[in-house]
Amino acid sequence: MLSVTAVLAVMALAAAVVAVRAARRSTSVEAPETAPDAPAVAPERLPSAVLVPLDADDRPARVLAPRHVEGRVVVPPTGQQVVGAALSRPHVRLAILIHGLTYALRPESRDRITALMRREYRRRRRERLAAGRRAVRTARPSSDAWMAESWIGELPARPRTSTRVES
Amino acid sequence: MRGRTVWFVAGTAAGVYATAKARRAAYRLSMPGLVDQAAAAGLGWRAFAGELRNGMTQYEREVADRLDAHMTTPTESDAP
């Protein structure tokens, strides 16, 4: 069983190597073909032009015409459809999520968030303590009010209970 | 005399420090403190989610731009 697995692994590795080589070869062959797009006219003879940056919406979309392939009409997707399909692939979504996580966990972002949390906690604590102190102050009369009602050395007034019974 | 003063000041400072720390720890473990910590954690979570969304949007735009540039680049097959 183990030997079969080993043979399969070696075959898969060899297939992968062959595929990578073929892909490299095809790209190296295609690369020089795209190069000769350079203008045949000398650069100094070209008319002067002003470069204007194009927005994504102004860029001319490359629309391919529908073709008949083996009796079927094949409609090539638009660029937006291709981009949307590529962005909705699971590993692209995962890469986007990982990039978002790394972006959110950058040191500066992390410090900003922790400082935000600490400030919020301290602000709420300060407000709560201030509200508690205010509540205590309103529930208990202040020393000035007490001073106005009585003189120094006087004991607070006690409720007097009269034991005399008037007849 | 000087040594006693030093020890007195050090003891007073340590007492004040320990009292403040103990009061804060007690507040943190009380119900209002737990509520405040939960509120702060909620705020932090919202900020983190915002950062995460920003990063994801940025990367999505990068990928889309890269794909768009690749799509709009004229190839040899498109040449008339």
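Residues numbered from 1 in each chain as written. Chains lettered and ligands numbered in written order. Predicted model: local features only at pLDDT ≥ 70, side-chain atom pairs only at ≥ 80, totals over all residues.

Participant: Describe in detail the overall build of chain A, supporting the description with residues and values.
Facilitator: When helices and strands are tallied, chain A shows five helices and two strands. Listed N to C, the secondary structure of chain A is α-β-β-α-α-α-α in terms of helices and strands. Scored against the burial criterion, the 167 residues of chain A give a buried share of 4%. (Helix = DSSP H or I, 4+ residues; strand = E, 2+ residues; numbered from the N terminus. Buried ≥ 20, exposed ≤ 12 C-beta atoms within 10 Å, placed from the backbone.)

Participant: Kindly report on the overall build of chain B, identifying the contributing residues and their values.
Facilitator: Of the regular secondary structure elements, chain B holds two helices and zero strands. Split into buried and exposed, the 80 residues of chain B put 8% on the buried side.

Participant: Describe the environment of S109 of chain A, and please don't skip the residues or the numbers.
Facilitator: With respect to the helices and strands, the residue S109 of chain A is situated in helix α4 (residues 107-139). Ignoring sequence-local partners within four residues, the contact set of S109 of chain A consists of A104 of chain A together with E51 of chain B. (Contact = placed C-beta atoms within 7 Å.)

Participant: Just give me the short version of the interface of chain B and chain A, but keep the residues and values in it.
Facilitator: Contacts between the two partners involve 27 residues from chain B, matched on the other side by 27 residues from chain A. Broken down by element, the residue count for the side of chain B that touches chain A peaks at 24 residues, all from helix α2 (residues 31-72) of chain B. Tallied by class, the residues present in the side of chain B that touches chain A amount to 15 nonpolar, six polar and six charged. (Nonpolar A, V, L, I, M, F, W, Y, C, P; charged D, E, K, R; others polar.)

Participant: Explain α4 of chain A residue by residue, including any values.
Facilitator: Helical geometry: 3.6 residues make up each α-helical turn, so side chains three or four residues apart lie on a common side. Residue and element names in this part refer to chain A. For α4, built from 33 residues, the straight-helix expectation of 48 Å at 1.5 Å per residue is met to within 8% by its first-to-last C-alpha distance of 48 Å. Across the 33 residues that make up α4, only a small minority, three, are buried. Considered for burial, the residues of α4 that qualify are I113, M117 and Y121. (Expected span 1.5 Å × (residues − 1).)

Participant: Would you mind going over helix α1 (residues 2-29) of chain B in detail, with residue names and values included?
Facilitator: The first and last C-alpha atoms of α1 of chain B sit 40 Å apart over 28 residues, in line with the 40 Å expected at 1.5 Å per residue. Counting buried positions over the 28 residues of α1 of chain B gives zero, only a small fraction of the element.

Participant: Tell me about the environment of E60 of chain B, and name the residues and values.
Facilitator: Relative to the assigned elements, E60 of chain B resides in helix α2. Residue class for E60 of chain B comes out partly exposed when judged on the 18 C-beta atoms lying within 10 Å of it. Not counting the four nearest positions on each side in its chain, E60 of chain B is found in contact with L87 and I96 of chain A.

Participant: Requested: an account of unusual backbone geometry, with residues and values cited.
Facilitator: All names here are of chain A. A positive phi angle is found at E70, which is not glycine, with a value near 55 degrees. With respect to the element layout, E70 can be found in the loop between β1 (67-69) and β2 (72-74). Exposure remark for E70: the 5 C-beta atoms within 10 Å place this residue in the exposed category.

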